[in-house]
Amino acid sequence: MAVDFKVIIVGCGMMGAAAARHLSGMIDGVCVIGSSEPVERKTHHGVFASHYDEARITRTFDDNIVWGTFAARSLDRYAEIEAKSGISFYTEAGCLFAGPTAVPGQGYLGRALELSTRMSLDVETLDASALRDRFPQFSLNPQFSGYYEKRRAGHVNPRALVRAQTKLAVSGGVTLVDATVTSVRDEGTHVAVTAAGQTYTAEKVLVAAGGFSNFNGLLPAPVDIRVAARTVAFFELGEREMALFGDMPSTIIFGDRDEDHVYILPPVRYPDGKTYLKLGGDLEARSFATLEDAGQWFRSDGDLAERDQLAAVALQAMPGLSGCPVTSAPCVATFTATSYPYAGFTDSPRIAVLTGGNFVAAKSSDELGRLGAVLMTQGWLGEEDFGRELTPVFL
Ligand SMILES: Cc1cc2nc3c(=O)[nH]c(=O)nc-3n(C[C@H](O)[C@H](O)[C@H](O)COP(=O)(O)OP(=O)(O)OC[C@H]3O[C@@H](n4cnc5c(N)ncnc54)[C@H](O)[C@@H]3O)c2cc1C
């Protein structure tokens, strides 16, 4: 049977848009069907995404070679994507980790330090007094050391990155359909994808629907992910705070335990014209198993108790924020059973999945998209592409 497309990608988010761009350079006959960002989040009843924001930390300092490699390969291509699309999304503000002095090989920071040598990363170690001198805007535990990646680190604007990827995909011949997919069916010889009452056919489908991959009948069997609630707190900055925090790097502060950490984005201008410093953590334990529950979360302002807790941590680490209005927003992080993203086929040889950002995939989304494209063209991922690590787990 003649099909409409060789490949349909479901979801035009961070990974799906990147996959579409990469595929556009490999084959023709590609279509991406994705829901665009709702204009009114609080009244929207449908799917949402984890990239509706203006800043995500980017860095290569990581305790895991797979994640570090994905980030490095993506960073290598940021400049090219910006130049070709004419859309700027990367700010090289640097990235600082601060925490208890690392013991090589032990804990997150110790493992990351070891790996940074293996990967020849340019990471400066700052002892407690150097950390205080270099970053006087922070008031941290006086015992803490710093691990500072000045270059090839900072933040990306996830909305702008998706726009850039989509623009390049479309100019490379990809058909873009702005719609929500409500079913994906393997018909034996091809796949049928239904969106907004219309059915599209393809030889293969790549489902890249983020935290919404298990909803709307996109996969033959659910993929093993935990869609976890995340709350972010925003401090609205005035001129006084801008003078204090304007040149800070993206920052991740560890507590005494690896899991007690907060991440802080430097001041960024938002679409409402205001400048915010954003802060988040991973205190929230709630997760969502239905579209209705996830939707209800996205229509809220996040967890207000967590917002207050984040604000308290921020004021302790950055007393100069005192007096700034604080607001909050919801998001979801999609955790996999393997702690790696999933990129692989389902039981159907025609339907594959690409999801599982594990809270850290914005910076690496271009490489993850490339892997999705390789999967669609080659049918599998080799060792150099971490095919084994990325094998999806289904329920
Ligand atoms: C609060 C927060 C902070 C984060 N901070 C960082 C950070 O600092 N650094 C970092 O690297 N990462 C960070 N992340 C993680 C990063 O944002 C995600 O890993 C990334 O967005 C995942 O990309 P994705 O393409 O899998 O999902 P998404 O970006 O969510 O894209 C999925 C797309 O699929 C679409 N979709 C879903 N269902 C359907 C359907 N049925 N039909 C059509 N389209 C559909 C959605 O509309 C969406 O556009 C953060 C995440 C959160 C929540």
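In what follows, the structure referred to is the one given above.
My aim in this report is to walk through the structure given alongside it, one point at a time. (Residues numbered from 1 in each chain as written. Predicted model: local features only at pLDDT ≥ 70, side-chain atom pairs only at ≥ 80, totals over all residues. Heavy atoms only, no water.)

### What about the packing of helix 1 (residues 14-24) against helix 5 (residues 158-171)?
Packing of helix 1 against helix 5 leaves a shortest axis separation of 8 Å and a crossing angle of 25 degrees. Judged by the angle between their axes, helix 1 and helix 5 are roughly parallel. Crossing angle aside, the handedness with which helix 1 passes helix 5 is left-handed. On the side of helix 1, the interface is formed by M14, A17, A18, A20, R21 and S24, while helix 5 contributes P158, L161, V162, Q165, T166, L168 and A169. A breakdown of the residues in the contact of helix 1 with helix 5 according to their chemical character gives nine nonpolar, three polar and one charged. (Axes fitted to C-alpha atoms, helices over the stretch in contact; angles between N-to-C directions. Helix = DSSP H or I, 4+ residues; strand = E, 2+ residues; numbered from the N terminus. Parallel < 35°, antiparallel > 145°, perpendicular 65-115°, else oblique. Left-handed = near helix turned anticlockwise from the far one by under 90°. Contact = heavy atoms within 4.5 Å. Nonpolar A, V, L, I, M, F, W, Y, C, P; charged D, E, K, R; others polar.)

### Focus: the site of the ligand
Around the ligand, a shell composed of 35 residues is seen, among which M15, S50, I57, V181 and C331 lie nearest. Take A361: an N or O atom from its main chain is 3.4 Å from an oxygen atom of the ligand. A distance of 3.0 Å is found between an oxygen atom of the ligand and a backbone nitrogen or oxygen belonging to K363. For the ligand, the accessible surface in isolation is 1,000 Å², of which the surrounding protein chains cover 97%. Those elements giving two or more residues to the shell around the ligand turn out to be helix 1, strand 2 (30-34), strand 3 (56-58) and strand 18 (326-336). Residue classes in the shell around the ligand are distributed as 23 nonpolar, ten polar and two charged. Residues lining the shell around the ligand come from more than one domain, with at least three contributed by each of domain 1 (5-52 + 158-223 + 338-385) and domain 2 (225-336). (Near = heavy atom within 4 Å. Polar contact = N/O pair within 3.5 Å; in protein donor to acceptor, adjacent residues only side chain to side chain. Areas by Shrake-Rupley, 256 points an atom, 1.4 Å probe, with all protein chains shown as cover. Domains from an automatic or database assignment.)

### Details of the side chain of R159
In this structure, R159 sits in helix 5. The exposure class of R159 is buried, given its relative accessible area of 19%. Setting aside residues no more than four positions away along its own chain, R159 makes contact with E37, H51, Y52, D53, E54 and P271. (Buried < 20%, exposed > 50% of the residue type's maximum accessible area, 1.4 Å probe, protein only.)

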